[in-house]
Amino acid sequence: MNLILIGPPGCGKGTQAERIVDKYNFTYISTGNLIREEIAEGTELGKRVHDTIEQGKLVEDHTIIELVKKTIQGKNAILFDGFPRTLDQAHAIDKLRPVDCVIDIQVSDDEVINRIGRRWMVERNHEQHTFMSEADAKADAVKNGGEAFQREDDKPDVIKQRLKTYHSQTEPIIEYYGKKHKLFIVNGEKSPDNVWKDIQSIIDKKIAKK
Ligand code: AMP
């Protein structure tokens, strides 16, 4: 079974993805993480997409699709986070893997701006951990090591652009999967534990039907 998580920035995809992977053993693929790794490693691709990400725009489809193709080779039962983000990407994934279930975590723009404005990260051993305040992130970095920082693309102007991009380019794929009866909507404004309950019930029903 292959699963896709969709939702605006800050909807909690990353947090829920971690829980899904722990419980159901999916292979986790986040295109945002893949791109950030390319940038950190200073690869040709990383250099090419660096500015696009910092402006809150989408990396062009061809680049992302090639990156995904390379990464999913030999892998099954994949959880995609942040991919597909355009209709062309959705058509591409249809040719690569059967998509069984698309979970859309819905959060209003106001809530996104509120959450992302507070979001800080800690990078430790090449992994990024998310915190909902600068103070929590800094305290964690002091306690467990690593570096606390705010993502460049989480800054207010960029977040507005990312939301615009989400509405214009990513939302059409929600309708696309709705028509294919693969779409499940979750209220992402509930607490993380309650969102998790809703997601488990969707996945459990899907597994029971298989
Ligand atoms: P994320 O961490 O998923 O929010 O992704 C961070 C940034 O990476 C996005 O704002 C885009 O610039 C880029 N990105 C990630 N996934 C994709 C994708 N599927 N298509 C195009 N750009 C992407």
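Residues numbered from 1 in each chain as written. Predicted model: local features only at pLDDT ≥ 70, side-chain atom pairs only at ≥ 80, totals over all residues. Heavy atoms only, no water.

Asker: Can you tell me about the pairing of strand β5 (residues 120–124), naming the residues and giving the values?
Answerer: For β5, the tally of buried residues reaches four of five residues, placing the bulk of the element in the interior. Bridging between β5 and strand β6 (residues 127–131) involves five bridges; their strand directions are antiparallel. When the sheet's bridge partners are listed, Arg124 is paired in β6 with Glu127. With antiparallel pairing between neighbouring strands as the criterion, β5 and β6 make up a hairpin whose turn holds two residues, including Asn125 at a positive phi of roughly 45°. Sheet analysis places β5 next to strand β7 (residues 147–149), joined by three bridges and oriented antiparallel. By the bridge assignment for β7, Val122 is matched with Ala148. (Buried < 20%, exposed > 50% of the residue type's maximum accessible area, 1.4 Å probe, protein only. Helix = DSSP H or I, 4+ residues; strand = E, 2+ residues; numbered from the N terminus. Pairing = 2+ DSSP bridges.)

Asker: Which residues make up the nonpolar core, and what values do they have?
Answerer: Counting 27 residues, the largest nonpolar core has Ile4, Ile6, Ile35, Phe80, Phe83 and Tyr177 as the members making the most contacts within it. Contributions of two or more residues to this core are made by β1 (3–6), α2 (31–41), α3 (44–54), α4 (61–72), β3 (78–81), α5 (87–96) and α8 (156–179). In contact with Ile35, other than residues within four places in its own chain, are Val49, Ile53, Val59, Ile64 and Leu67. Among the nonpolar cores identified, the runner-up in size contains 22 residues, and Ala17, Trp196, Ile202 and Ile203 belong to it. (Core = buried A, V, L, I, M, F, W, Y, C linked by side-chain atoms within 4.5 Å. Contact = heavy atoms within 4.5 Å.)

Asker: Tell me about the sheet that holds β3, residues and numbers included.
Answerer: An order of β2-β3-β1-β4-β8 is seen for the five strands of this open sheet, with the pairing classed as parallel. The outermost strands of the open sheet, each flanked by one partner alone, are β2 (27–30) and β8 (183–187). When strand polarity is set aside, the average angle formed by the axes of neighbouring strands in this sheet is 20°. When β1 meets strand β4 (residues 101–106), the two strands line up parallel, connected through four bridges. By the bridge assignment, Leu5 is partnered in β4 with Ile103. Across the sheet, α2 touches β2 and β3, and the angle it forms with β2 is around 65°. (Axes fitted to C-alpha atoms, helices over the stretch in contact; angles between N-to-C directions.)

Asker: Tell me what's going on with the side chain of Arg115, and back it up with residues and numbers.
Answerer: Locating Arg115 in the fold gives a position in helix α6 (residues 109–118). On the basis of relative accessible area, Arg115 is assigned to the buried category, the value being 13%. At 2.8 Å, the side chain of Arg115 and the backbone oxygen of Gly188 are in polar contact. Excluding residues within four positions of it along the chain, Arg115 makes contact with Gly10, Cys11, Gly12, Val107, Met132, Gly188 and Glu189. (Polar contact = N/O pair within 3.5 Å; in protein donor to acceptor, adjacent residues only side chain to side chain.)

Asker: Can you lay out the sheet that holds β5 for me, pointing to particular residues and giving the numbers?
Answerer: Taken together, three strands build an open sheet; the order of strands is β6-β5-β7 and the sheet is antiparallel. The sheet is open, and its two edges are formed by β6 and β7, each paired on a single side. Each adjacent strand pair in this sheet contributes to an overall mean axis angle of 25°, direction not counted. Docked against the sheet, helix α7 (residues 134–144) engages β5, β6 and β7, running at close to 15° with respect to β5.

Asker: A description of the site of the ligand should follow, citing residues and the corresponding values.
Answerer: Neighbouring the ligand are 16 residues; Thr31, Arg36, Lys57, Gly82 and Gln89 lie closest to it. Taking Val59, its main chain carries an N or O atom lying 3.0 Å from a nitrogen atom of the ligand. In this structure, a nitrogen atom belonging to the ligand sits 2.9 Å away from a side-chain N or O atom of Arg85. In isolation the ligand exposes 470 Å². Once the protein is present, 96% of that is buried. Top contributing element to the shell around the ligand by residue count: α2, with four residues. Here the residues of the shell around the ligand sort into six nonpolar, four polar and six charged. (Near = heavy atom within 4 Å. Areas by Shrake-Rupley, 256 points an atom, 1.4 Å probe, with all protein chains shown as cover. Nonpolar A, V, L, I, M, F, W, Y, C, P; charged D, E, K, R; others polar.)

Asker: Residues and numbers for the packing of aromatic side chains, please.
Answerer: The way to describe two aromatic rings as a pair is by their centre distance and the angle between their planes. Summed over all chains, the structure comprises three aromatic pairs. Relative to Phe83, the ring of Phe80 has its centre 5.8 Å away and its plane inclined at 50°; by these criteria the two rings are tilted. Overall, the relative accessible area of 1% leaves Phe83 in the buried class. With a centroid separation of 5.0 Å and an interplanar angle of 70°, the aromatic rings of Tyr176 and Tyr177 are classed as edge-to-face. Classification of Tyr176 as buried rests on a relative accessible area of 17%. Tyr177 gets classed as buried once you look at its relative accessible area, which sits at 0%. (Phe/Tyr/Trp six-rings, centres within 6.5 Å; stacked < 30°, edge-to-face > 60°.)

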